[in-house]
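Descriptive structure summary
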Amino acid sequence: MLKNLQKKLIAMSLVFVYMLNQMDIEKKAKKEGIDLSLIDANLELSYTNRAILHQKALNLVLELKKAGSTYYERLQNINRSAHNKQR
Amino acid sequence: MKDFKTLIDRLITNSVDFVIIGGFAAVLYGSTTVTQDLDLCFLFDQKNLEKLLKAILDLHPRHRMIGKTKVMDESIERLSSFKNLYLVTDAGYLDLIGEVKELGNFENVLKHSVEIDLFGHKCKVLDIDSLIKSKKGMARNKDKNVAVELELIKRRLQEKKY
C-alpha cells in the first residue's frame, strides 16, 4: 500500500513538474515578445506554405531596407547641399 | 534576388547530400523569424562538391568572405579542404557547414534529421530537438529567441494541436 502511494506521489510530482515547465515556456515566450498567434497561424500551414510565406516576408524586408537606404542617401544629399549653401 | 526555392530545387534535382539547419529550418517548423541565408549541413567530399557545382553553376557562386572570388575558379580538391563555404549566388546566400556545434559532422547531423515534403521534394531537415540544442548553444540573442519559439512549437506539437 505504501509502495502504491509512493508511486502515485512520484507520478503526480512528475506531472506537476511537466506542467510548470510548460507554463514557463509560454511565459518566457510572452516575455520575449513572441507573438503566439503568429506561431499558431504558421503551424496551420504545410512546410512548403511556411517557406512561401517566409519568402514573401523576406522580400518585404529587403524592399524596406532598399527604400530606407535610398531615403538616407537622399537625406544626406539634402544636408550636404544645405551645408554647401551656408558656406 | 533571394530565392530559397530555386536553391533547394536545384540541390535536390542534382542529388546533393545536405540537411537544412539554422534559421530556415526554424522557419520550416513554424518560427516567425526571417532569415536571408540558407544554412545547410553539407558533406564535404569531392563527389558531393561536384554535384553542388553542377547544381548552382549558372547562379554564379562566389565566396562571400574571401574577396568574392568565383567558386568555379577553384579546384574540387581545394574546395573539399574547406570546413565551411559561405557563398553568394544569384539566388541568395548559401552557407555550407561541415560540422554543426553540439552535433558534429554531416553523418551525425544526418542521424538527427527528419524527412519533410518541401516544394514537391523529399528534403532532410534537422529534427526539432537538435535544432533547439544548436540554437541554445549560440551566443546571439536572436538565436536564443528562436530557441524559445521552437520550444513552444514543440509543445504545441506534443499537445497534438496541429
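No experiment lies behind these values; they were computed from the predicted model shown. (Residues numbered from 1 in each chain as written. Chains lettered and ligands numbered in written order. Predicted model: local features only at pLDDT ≥ 70, side-chain atom pairs only at ≥ 80, totals over all residues. Heavy atoms only, no water.)

**Overview of the overall build of chain A**
As a reminder, the rule being used: Helix and strand assignments come from DSSP, with helices taken as H or I runs of at least 4 residues and strands as E runs of at least 2, each series counted from the N terminus. Just to be clear, the radius of gyration here is over C-alpha atoms, and the globule rule we use is 2.2 Å times residues to the power 0.38. When accessible area is computed with a 1.4 Å probe and restricted to protein chains, residues below 20% of their type maximum are described as buried, those above 50% as exposed, and intermediate ones as partly exposed. The sign given to each residue is positive for Lys and Arg and negative for Asp and Glu; His and the chain ends receive no count. Here the site of a charge means atom NZ of a Lys, CZ of an Arg, CG of an Asp or CD of a Glu.
Looking only at helices and strands, chain A features three helices and zero strands. For chain A, the C-alpha radius of gyration of 27 Å lies well beyond 12 Å, the compact-globule estimate for 87 residues. With the C-alpha coordinates aligned to their principal axes, the bounding extent of chain A is approximately 95 × 35 × 15 Å. Sorting the 87 residues of chain A into buried and exposed places 16% on the buried side. Across chain A, the centroid of the 15 positively charged side chains sits 5 Å from that of the 8 negatively charged ones.

**Here's the deal with the confidence of the model for chain A**
Which entries qualify depends on this criterion: What pLDDT expresses is the predictor's confidence in each residue, scored from 0 to 100.
On average, residues of chain A score 86 in pLDDT, and 91% of them are at 70 or above. Element-level mean pLDDT values for chain A span from 77 in helix 1 (residues 2-31) of chain A up to 94 in helix 2 (residues 36-43) of chain A.

**Considerations on the side chain of T35 of chain B**
Applicable threshold: N or O atoms within 3.5 Å of each other form a polar contact, as long as, within protein, one can give a hydrogen and the other can take it, and as long as residues adjacent in sequence are counted only when both atoms are side-chain atoms. By definition in these notes, contact holds between two residues if any of their heavy atoms fall within 4.5 Å.
Mapped onto the elements of the fold, T35 of chain B is located in the loop between helix 2 (22-29) and strand 2 (37-42). Engagement of the side chain of T35 of chain B in a polar contact is seen with the side chain of D37 of chain B, the distance being 3.0 Å. T35 of chain B has contacts with H54 and L58 of chain A together with F4, G23 and F24 of chain B, leaving out every residue within four places of it along the chain.

**Remarks on helix 2 of chain A**
Here is the rule: Our arc is simply the arc of the directions from the helix axis toward the C-beta atoms.
Those residues of helix 2 of chain A that sit buried are L36, I39, N42 and L43 of chain A. For helix 2 of chain A, the angular spread of the buried residues around the axis is 120°, confining them to a single face.

**Section: the pattern of salt bridges**
Our working rule: Should a side-chain nitrogen of Lys or Arg be within 4 Å of a carboxyl oxygen of Asp or Glu, the pair is scored as a salt bridge.
Scanning the entire structure with this criterion turns up 16 salt bridges over all chains. Close ionic contact of E26 of chain A with R155 of chain B constitutes a salt bridge, the shortest N to O distance being 2.7 Å. Of this pair, E26 of chain A sits in helix 1 while R155 of chain B is found in helix 7 (residues 141-158), placing the two residues in two different chains. On the basis of relative accessibility, which here comes to 14%, the residue R155 of chain B falls in the buried class.

**Topic: unusual backbone geometry**
Residue and element names in this part refer to chain B. Phi angles above zero are rare outside glycine, and E102 is one such case at about 80°. Relative to the helices and strands, E102 resides in the loop between strand 6 (99-100) and strand 7 (104-105). With a phi close to 50°, F119 is a non-glycine residue in the positive phi region. Looking at the secondary structure, you find F119 in the loop between strand 8 (113-118) and strand 9 (121-126). Looking at F119, the relative accessible area reads 14%, which means it is buried.

**Things to note about the interface of chain A and chain B**
Stated formally: By definition, the buried area sums, over both parts, the 1.4 Å-probe accessible area that each loses when the two are put together. When residues are sorted by character, Ala, Val, Leu, Ile, Met, Phe, Trp, Tyr, Cys and Pro go into the nonpolar class, Asp, Glu, Lys and Arg into the charged class, and all the rest, Gly among them, into the polar class.
On the side of chain B, 29 residues touch chain A, which itself brings 29 residues to the contact. Contact with chain B buries surface across chain A, with L43, Y47 and H54 of chain A losing the most and accounting together for 24% of the total. Taken together, the connections running from chain A to chain B amount to three salt bridges. Elements supplying a minimum of two residues to the side of chain A that touches chain B: helix 1, helix 2 and helix 3 (47-86) of chain A. With 13 residues, helix 3 of chain A is the single largest residue contributor to the side of chain A that touches chain B. Partitioning the side of chain A that touches chain B into residue classes produces 16 nonpolar, six polar and seven charged.

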